[in-house]
Amino acid sequence: MTLPQNTIGCDVSGRRLDVYLHPAARSCSFSNDSAGIAALIGLALEHRAFVVLEATAPWDQPLVRALEKAELSFHRANPRRARDFARSIGMLAKTDAVDARMLALYGVNLDLPATAPASPERLKLQGLNSRRDQLVAMRKAERIRLKGVADPVVTESLEAVIALLDVQIRALERRIASAIKNACDLAQDAALLRSAAGVGPVCAAVILASLPELGRVDRRAIAALAGVAPIARESGLMRGKRHVQGGRKRVRDALYMAALAAIRTGRWKQHYDHLRSRGKAPKAAIVAIARKLLVALNTAIREQRPILNAQTT
């Protein structure tokens, strides 16, 4: 008889780490600080446990880094998938303690892959990209406000803030380019990504920072991770429209913009026109191009060869 693997479910909040150890059925709580994280790491090491925690950035990041440093296997769970699992087993209540137990059961009942540790270079790139996205969102909001303003004093204030944000965004983009250039692995992968039609420096940086699985999984898995895989909706004779959902929104947005650029010329334009002639809606056709583009990028990284603007089926 095989003994069940020890699994720790951890619900992470800004102030607390609620923990459930399976199969010992032991519940406890630690503070989400260096002392509390050290105690949780000690518990996991003592029981040689696989740790399952929900992705709740930025609150989970100190724990994730500590798990990596201790060389403990862990899975950073998608919150929606974890909640779907809870509903599937009848766990409808939602408290921190219940969620910790649910996450432990999630790890026990499903063959969850261990989350790969992130390199310091990729972590730095993630932080820079995240900050750039925040500033771009702020600039967009200010530009929207500017359109509805008649008062010259308010207009001057908005324009000054927009100009400052422009400077900050350009500075971050230079830092992002430098971070990629100074990391050999990232620089090599960035060159491969940029070999694809439509993939510019922003898209390449987003993919490098937010999709470390690129080149390590098959085309179906990478499409699901990026949120560009069509989800079937069929039952009996009913054939519903397929839609993309889930995945990493920032990656999906970057791929969508890359596809928009790619379909302007060349083979990608021909393929887009072909999809439109078959009745595909414009947005659906662009998403289909984004998915094919991602598959091409996945192959390029795995095989370490440039794309040369080839179309992948």
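As the structure is a computational prediction, the values presented were derived from the model and not from experiment. (Residues numbered from 1 in each chain as written. Predicted model: local features only at pLDDT ≥ 70, side-chain atom pairs only at ≥ 80, totals over all residues. Heavy atoms only, no water.)

**Topic: the side chain of Thr 155**
Stage number 1. Positionally, Thr 155 belongs in helix α6 (residues 152-181).
Stage number 2. By relative accessible area, which is 18% here, Thr 155 ends up buried.
Stage number 3. For Thr 155, the residues in contact, after removing those within four places along its chain, are Leu 146 and Val 149. (Helix = DSSP H or I, 4+ residues; strand = E, 2+ residues; numbered from the N terminus. Buried < 20%, exposed > 50% of the residue type's maximum accessible area, 1.4 Å probe, protein only. Contact = heavy atoms within 4.5 Å.)

**As for the pairing of strand β3 (residues 26-31)**
Stage number 1. Across six bridges, strand β2 (residues 16-22) lies against β3 in antiparallel orientation. Within β3, the residue paired with Leu 17 across the bridge is Phe 30.
Stage number 2. The hairpin formed by β2 and β3 contains three residues between the paired strands, and Ala 25 there has a positive phi angle of roughly 55°. (Pairing = 2+ DSSP bridges.)

**Side note on the UniProt feature "domain: Transposase IS110-like N-terminal" (unreviewed entry) in the chain**
Stage number 1. Following the UniProt record, the feature "domain: Transposase IS110-like N-terminal" (unreviewed entry) maps to residues 26-149 here.
Stage number 2. Span residues 26-149 is 60% helix and 12% strand, its end C-alpha atoms 59 Å apart. (UniProt positions renumbered as here; feature names shortened; annotations may be inferred.)

**A closer look at the packing of helix α8 (residues 201-210) against helix α10 (residues 249-262)**
Stage number 1. Running from N to C, α8 and α10 cross one another at 150°; their axes reach a closest spacing of 9 Å. The pairing of α8 with α10 is recorded here as roughly antiparallel in orientation. For the element pair α8 and α10, the recorded crossing hand is left-handed. The residues of α10 that touch α8, namely those facing Val 202, Cys 203, Val 206, Ile 207 and Ser 210, are Arg 250, Val 251, Ala 254, Leu 255 and Ala 258.
Stage number 2. Partitioning the contact of α8 with α10 into residue classes produces eight nonpolar, one polar and one charged. (Axes fitted to C-alpha atoms, helices over the stretch in contact; angles between N-to-C directions. Parallel < 35°, antiparallel > 145°, perpendicular 65-115°, else oblique. Left-handed = near helix turned anticlockwise from the far one by under 90°. Nonpolar A, V, L, I, M, F, W, Y, C, P; charged D, E, K, R; others polar.)

**What to know about helix α9 (residues 219-226)**
Stage number 1. Taken together, the buried positions of α9 are Ile 222, Ala 223 and Ala 226. Taken down its axis, α9 places every buried residue within 100° of arc, on the same side.
Stage number 2. Summarising the contacts, the buried residues of α9 are in contact with α10 and α12 (282-303).
Stage number 3. Capping the start of α9 is the job of one residue whose side-chain oxygen sits 3.2 Å from the backbone nitrogen of Arg 220: Asp 218.
Stage number 4. Note on α9: the residue one or two positions beyond its end, Gly 227, has a positive phi of about 75°. (Arc of directions from axis to C-beta. Polar contact = N/O pair within 3.5 Å; in protein donor to acceptor, adjacent residues only side chain to side chain.)

**Considering the environment of Cys 203**
Stage number 1. Positionally, Cys 203 belongs in helix α8.
Stage number 2. With relative accessibility at 7%, the residue Cys 203 sits in the buried group.
Stage number 3. It is 8.9 Å that separates the C-alpha atoms of Cys 203 and Asp 253, two residues lying 50 residues apart in sequence.
Stage number 4. Leave out the neighbours within four places in its chain, and Cys 203 touches Ala 254 and Ala 258.

**Thoughts on unusual backbone geometry**
Stage number 1. The linkage connecting His 22 with the following residue, Pro 23, adopts the cis geometry, with an omega of 10°.
Stage number 2. Along the chain, the position of Pro 23 falls in the loop between β2 and β3.
Stage number 3. For the peptide bond that leads from Ala 57 to Pro 58, omega is 10°, which places it in the cis range.
Stage number 4. Within the fold, Pro 58 resides in the loop between β4 (50-54) and α2 (61-69).
Stage number 5. Backbone geometry at Ala 25 places phi at a positive 55°, although glycine is not the residue there.

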